[in-house]
Amino acid sequence: MKQFMLDEFKKVFGGKDGVKVYFAPGRVNLIGEHTDYNGGHVFPCALTIGTYAAVRVRNDRELNLYSSNFESMGIIKTSLDDLKPYPEADWTNYPKGVMWAFEERGMKLPSGMDIVFYGDIPAGSGLSSSASIEVLTGFILRESFGFKAENKDLALIGQFSENNFNGCNCGIMDQFASAMGKKDNAIFLDTATLNFEYAPIKLEGAKIVVTNSLVKHSLVTSAYNDRRNESAGALKALQTVIDCKTLGDLTEEEFEAHKDAITDEIQRKRGKHAVYENQRTIKAVAALKAKDLETFGKLMNASHVSLRDDYETSCEECDILAETAWTIPGVIGSRITGGGFGGCTVSIVKDEAVETFKETLSKVYLEKVGKTPEFYVVEIGDGPRAL
Ligand code: GLA
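Residue indices follow the written sequence of each chain, beginning from 1 at its first position. Reporting in this predicted model follows two pLDDT cut-offs: at least 70 for local features of residues, and 80 or more for side-chain atom pairs to be given and counted; totals over whole chains, interfaces and linings ignore these cut-offs and use all residues. By convention in this description, side-chain values take in all heavy atoms of the structure and omit both hydrogens and water.

## Looking at the overall build of the chain
Item 1. Only DSSP runs of H or I covering at least 4 residues are called helices, and only runs of E covering at least 2 are called strands; the numbering of each starts at the N terminus. Along its length, the chain carries 11 helices and 13 strands.
Item 2. Taking 21 Å as the expected radius of gyration for a compact globule of 387 residues, we find that the chain reaches 21 Å, a close match to that expectation.
Item 3. On the principal axes, the C-alpha backbone points of the chain span a range of 60 × 50 × 40 Å.
Item 4. Burial classes: relative accessible area under 20% of the type maximum marks a residue as buried, over 50% as exposed, and values in between as partly exposed (1.4 Å probe, protein chains only). In the chain, which comprises 387 residues, the share counted as buried stands at 59%.
Item 5. Residues count as neighbours in contact if any of their non-hydrogen atoms are within 4.5 Å of one another. Look at the contacts in the chain between residues 6 or more apart in sequence, and 71% of them connect residues 24 or more apart.
Item 6. Of the accessible surface of the chain, which amounts to about 15900 Å², a share of 49% is contributed by carbon and sulfur atoms. Atoms considered for the radius of gyration are the C-alpha atoms alone. The globule rule reads 2.2 Å times the number of residues to the power 0.38. Here the open area of atoms and residues is found with the Shrake-Rupley method and a 1.4 Å probe, where only the protein chains shown may cover a residue.

Put into structure tokens, the structure is as follows:
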């Protein structure tokens, strides 16, 4: 990959001298969905796929950004004196947002850069290509200019830029998973405190299979922001009857005892998901530690049902993928992963069932949706690095 990136850089900008190559991973979330902005737990892992960049620091304030994924857009030119989002700036609003966020934190960028990006995360799949480009940009700025920022800070800066520059009110999960990734480990993160622990994923005789529905429904950002507001509404109503800072503070029993305080039916469903999903995530990690993969899988399935019925961030296509998966012997668990409204499911499938899994899902999906889904047997990789 390093050679490919250097060649791409030479083709686009000329020369290889002083060019450095970097990588930051995408992520898949095993369980704990839409809990990260509700003070709950998440359990994602970084992948071996992600975004690469070949970078050369300039002597002036120009920024020349190019993506080998969007060749036809050519070099998108801007400067450190114009770190503002523009719709026509398209994907470059992500790296620019991180540059802006560094400056907002007092880390003024001394000079511009020429950068070629390339990502091997399938577009629109919900495997966090945007978080990987944010963390990658932060990593590049730190390495190029010597800023003092830990990987955790790169995650927070990435989230800050996405919230305030790119207009998606996302939580911390995706950037944290990318910045803090560790090979063969998932990250059990308490989003209320950012305390976390690594949990080794040793799936003896089973694989993590990501299935891409190849659909992305419209208005994803606004629907996501709506969910966030609806859960905030549920919390506010509960706070009139019980002392809690976030929905992640509550047990299922506490929720049931006080849920009538949430008079809005939609908000009540959103609140229920946030509380139960957080508890499921805690139970799932305990099950994994006890080597009880079966319970882990059941909790994944319950997570899907809750996202489908209460949080309403699944979609017909992902329901077909998960529900079909549940019927296949050897499938331990299957659920929609990520923000939702399309994207991917994540499944844990026994080695000997992987082929049947792919065949059955392909057949059913083709019949019902008219498309063949894509499958990726994923590996858990490390966080950002120089190559
Ligand atoms: C998106 C967001 C995350 C998280 C998930 C849902 O991926 O970026 O912060 O909220 O959706 O779990």
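## Describing the packing of aromatic side chains
Item 1. Pairs were defined over the aromatic rings of Phe, Tyr and Trp, the Trp ring being its six-membered one, requiring ring centres within 6.5 Å. Orientation was assigned from the angle between planes: stacked under 30 degrees, edge-to-face over 60, tilted for the rest. Taken as a whole, this structure holds 16 aromatic pairs when the rule is applied.
Item 2. Arranged with centres 5.1 Å apart and planes meeting at 45°, the rings of Phe9 and Phe13 form a pair that is tilted. Residue Phe9 and its partner Phe13 are located together in helix α1 (residues 2-13), separated by 4 residues, close to a single helical turn.
Item 3. The class for Phe9 is buried, based on a relative accessible area of 0%.
Item 4. The exposure class of Phe13 is buried, given its relative accessible area of 18%.
Item 5. Pairing Phe196 with Tyr198 gives two aromatic rings, centres 5.3 Å apart and planes at 85°, and the pair type is edge-to-face.
Item 6. Counting every residue linked through ring pairs, the aromatic cluster contains Phe43, Phe188 and Phe296.
Item 7. Charges are assigned to positions over rings by a cutoff of 6 Å between ring centre and Lys NZ or Arg CZ, combined with an angular limit of 35 degrees from the ring normal. Directly above the ring of Phe160 sits Arg105, whose terminal nitrogen or CZ lies 5.8 Å from the centroid.
Item 8. Above the plane of the ring of Tyr276 lies Lys272, whose end atom (NZ or CZ) is 5.3 Å from the centre.

## What about the environment of Phe13?
Item 1. Along the chain, Phe13 and Ala286 lie 273 residues apart, while their C-alpha atoms are 51 Å from each other.
Item 2. In this structure Phe13 touches Arg56, Asn64, Tyr66, Ile75, Asp114, Ile115 and Val116, once residues within four positions along its chain are discounted.

## Observations concerning the site of the ligand
Item 1. For the ligand, the full set of nearby residues is Arg27, Glu33, His34, Asp36, Tyr37, Cys170, Gly171, Met173, Asp174, Tyr224, Gly338 and Gly339.
Item 2. Pairs of N or O atoms are called polar contacts if they sit within 3.5 Å, as long as, within protein, a hydrogen donor faces a hydrogen acceptor (for residues adjacent in sequence, only side-chain-to-side-chain pairs). For the ligand, an oxygen atom lies 2.6 Å from a polar atom in the backbone of His34.
Item 3. Separating an oxygen atom of the ligand from a side-chain N or O atom of Tyr224 is a distance of 2.6 Å.
Item 4. Protein coverage of the free-state accessible area of the ligand, which is 310 Å², stands at 93%.
Item 5. Its residues placed into classes, the shell around the ligand shows 4 nonpolar, 4 polar and 4 charged. Only heavy atoms are used to decide nearness, and a residue is near a molecule or strand if one of them lies within 4 Å of it. All residues other than Ala, Val, Leu, Ile, Met, Phe, Trp, Tyr, Cys, Pro, Asp, Glu, Lys and Arg, Gly among them, are scored as polar; the first ten of these are nonpolar and the last four charged.

## Looking at the environment of Cys344
Item 1. Inspection of the secondary structure assignment puts Cys344 in strand β11 (residues 342-350).
Item 2. Taking the relative accessible area as the measure of exposure, Cys344 reaches 0% and is therefore buried.
Item 3. Along the sequence, Cys344 and Glu317 sit 27 residues apart, while their C-alpha atoms lie 9.6 Å from each other.
Item 4. Cys344 has contacts with Ser125, Leu127, Val210, Thr211, Asn212, Arg335, Ile336 and Thr337, leaving out every residue within four places of it along the chain.

## Observations concerning the side chain of His34
Item 1. Note on placement: His34 falls in the loop between β1 (20-29) and β2 (41-42).
Item 2. The class for His34 is buried, based on a relative accessible area of 4%.
Item 3. One polar contact links His34 to Tyr37, side chain to side chain, over a distance of 2.7 Å.
Item 4. In this structure His34 touches Tyr224, His273, Leu307, Tyr311, Thr313, Gly338 and Gly339, once residues within four positions along its chain are discounted.

## Side note on the pattern of salt bridges
Item 1. Any Lys or Arg side-chain nitrogen located within 4 Å of an Asp or Glu carboxyl oxygen qualifies as a salt bridge. Per the counting criterion, the structure on display carries 27 salt bridges.
Item 2. The closest approach of N and O atoms between Lys16 and Asp7, which form a salt bridge, is 3.3 Å.
Item 3. Exposure remark for Lys16: the relative accessible area of 33% places this residue in the partly exposed category.
Item 4. The shortest N-O distance in the salt bridge between Glu252 and Lys283 comes to 2.8 Å. Of this pair, Glu252 sits in helix α7 (residues 252-258) while Lys283 sits in helix α8 (residues 265-289), and the two are 31 residues apart along the sequence.
Item 5. A relative accessible area of 43% means that Lys283 is categorised as partly exposed.
Item 6. In the salt-bridge network here, residues are joined through shared partners; they are Arg56, Arg58, Asp60, Glu62 and Asp114.

## Things to note about a nonpolar patch on the surface
Item 1. Any residue with relative accessible area above 30% and no salt bridge may belong to a patch, with like charges joined within 9 Å and the nonpolar Val, Leu, Ile, Met, Phe, Trp and Tyr side chains within 5 Å. A grouping of Met1, Phe4 and Leu387 is seen on the molecular surface, where their side chains present a nonpolar patch of about 240 Å² in accessible area.
Item 2. Within the secondary structure layout, Met1 lies in the segment before α1.

## Focus on α1
Item 1. Taking 1.5 Å per residue as the helical rise, α1 with its 12 residues ought to reach 16 Å, and the 16 Å between its terminal C-alpha atoms agrees with that figure.
Item 2. Within the sequence span of α1, burial applies to Met5, Leu6, Glu8, Phe9, Val12 and Phe13. The arc that holds the buried residues of α1, viewed along the axis, is 160°, so those residues lie on one side.
Item 3. At the exit of α1 stands Gly14, carrying a positive phi of roughly 85°. In a helix, the anticipated span is given by 1.5 Å times the number of residues less one. By construction, the arc corresponds to the directions joining the helix axis to the C-beta atoms.

## With respect to the sheet that holds strand β9 (residues 206-216)
Two strands in a sheet stick together by hydrogen bonds in their backbones, pointing the same way (parallel) or opposite ways (antiparallel).
Item 1. Strand pairing requires that DSSP identify at least two bridges connecting the strands. Read across the open sheet, the 4 strands follow the order β10-β11-β9-β12; overall the sheet is antiparallel. Edge positions in the sheet fall to β10 (331-337) and β12 (374-377), since each has one partner strand and no second. When the angles between neighbouring strand axes are averaged without regard to direction, this sheet yields 20°.
Item 2. Note: β9 against β11, 8 bridges, orientation antiparallel. In the sheet register, Val209 faces β11, and the bridge partner there is Ser347. Axis geometry follows a simple rule: fit a line to the C-alpha atoms, using only the stretch in contact for helices, then measure angles between N-to-C directions, giving values from 0 to 180 degrees.

Nothing here speaks to function; it is geometry throughout.
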